[in-house]
Amino acid sequence: FSGWQPRWFVLDNGILSYYDSQDDVCKGSKGSIKMAVCEIKVHSTDNSRMELIIPGEQHFYVKAVNAAERQRWLVALGSSKACLADNRTRKEKEISETNESLKTKMSELRLYCDLLMQQVHTIQEFVSQDENRPSPSAENMNEASSLLSATCNTFITTLEECVKIANAKFKPEMYQLPPHESLASAVSPSPIQMMKRSMSHPGTYTSDR
């Protein structure tokens, strides 16, 4: 009800914390979210917004300064959830968590799929013939195509991880990929490089809790 308020977000070791500003980091956070139990949902129409949901407890509405900034955060947050799931699996090898890991990866795939559909729709609007609509600038087209490429890269990498989990759970001979084949090799830039940039250079969001 009070409108959007600027907040400074920091993602560290699977915990997303937020502050009034970057200068207030030393004073302690105003709140934090464990990514292991957090659901991420992209906004259906606004390409700079997303929602962070802890079912039954908290619901955060956040808005990035632009679509590219939201993209970097989505990749970082999604990768953080994946890393937490992988670590938990290694520490508890005797307890089967394959189903939970696969559910986590499928949730990520749905998120990236929604994002892909939004970005494809944006590009379709750019190239559609409409006399009443001004032609998009080269800068806007380049930004849209770069975001689409990055999302495709992340989607394919996550899909490859789903295949690896399936290899461990089901029949390896049915799902095993050839050793020389890499699903993510044809798309650039590297999602790992994007994740490092996203996590090492936190950005400014406005948020409404």
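Just so we're clear, the structure is a prediction, and the values are computed from it rather than from any experiment. (Residues numbered from 1 in each chain as written. Predicted model: local features only at pLDDT ≥ 70, side-chain atom pairs only at ≥ 80, totals over all residues. Heavy atoms only, no water.)

(A) Quick peek at the overall build of the protein. Across its full length, the protein holds 5 helices and 7 strands. When the helices and strands of the protein are placed in sequence order, the string is β-β-β-β-β-β-α-α-α-α-α-β. Within the span of the protein, comprising 209 residues, buried residues form 38% of the whole. Long-range contacts, defined as pairs at least 24 residues apart, comprise 61% of the intrachain contacts of the protein with a sequence gap of at least 6. (Helix = DSSP H or I, 4+ residues; strand = E, 2+ residues; numbered from the N terminus. Buried < 20%, exposed > 50% of the residue type's maximum accessible area, 1.4 Å probe, protein only. Contact = heavy atoms within 4.5 Å.)

(B) Region of the structure containing unusual backbone geometry. Unlike most non-glycine residues, Asn 13 shows phi in positive territory, near 55°. For Asn 13, the location among the structural elements is in the loop between β1 (5-12) and β2 (15-19). A relative accessible area of 67% means that Asn 13 is categorised as exposed.

(C) Broad picture of the pattern of salt bridges. Following the criterion strictly, the structure yields 7 salt bridges and no others. For Glu 69, the salt bridge is made with Arg 72, and the minimal N-O distance between the two is 2.4 Å. Taken together, the residues Glu 69 and Arg 72, both in helix α1 (residues 67-91) and 3 residues apart, mark about one turn of the helix. Since its relative accessible area comes to 33%, Arg 72 is described here as partly exposed. Here Lys 105 makes a salt bridge to Glu 161, at a shortest N to O gap of 2.4 Å. Pair noted here: Lys 105 is in helix α2 (residues 98-127) and Glu 161 is in helix α3 (residues 138-169), with a separation of 56 residues, a long-range link. Relative accessible area serves as the criterion here: at 3%, Lys 105 is assigned to the buried category. A single salt-bridge network, built from bridges that share partners, covers Arg 7, Asp 20 and Lys 30. (Salt bridge = Lys/Arg side-chain N within 4 Å of Asp/Glu carboxyl O.)

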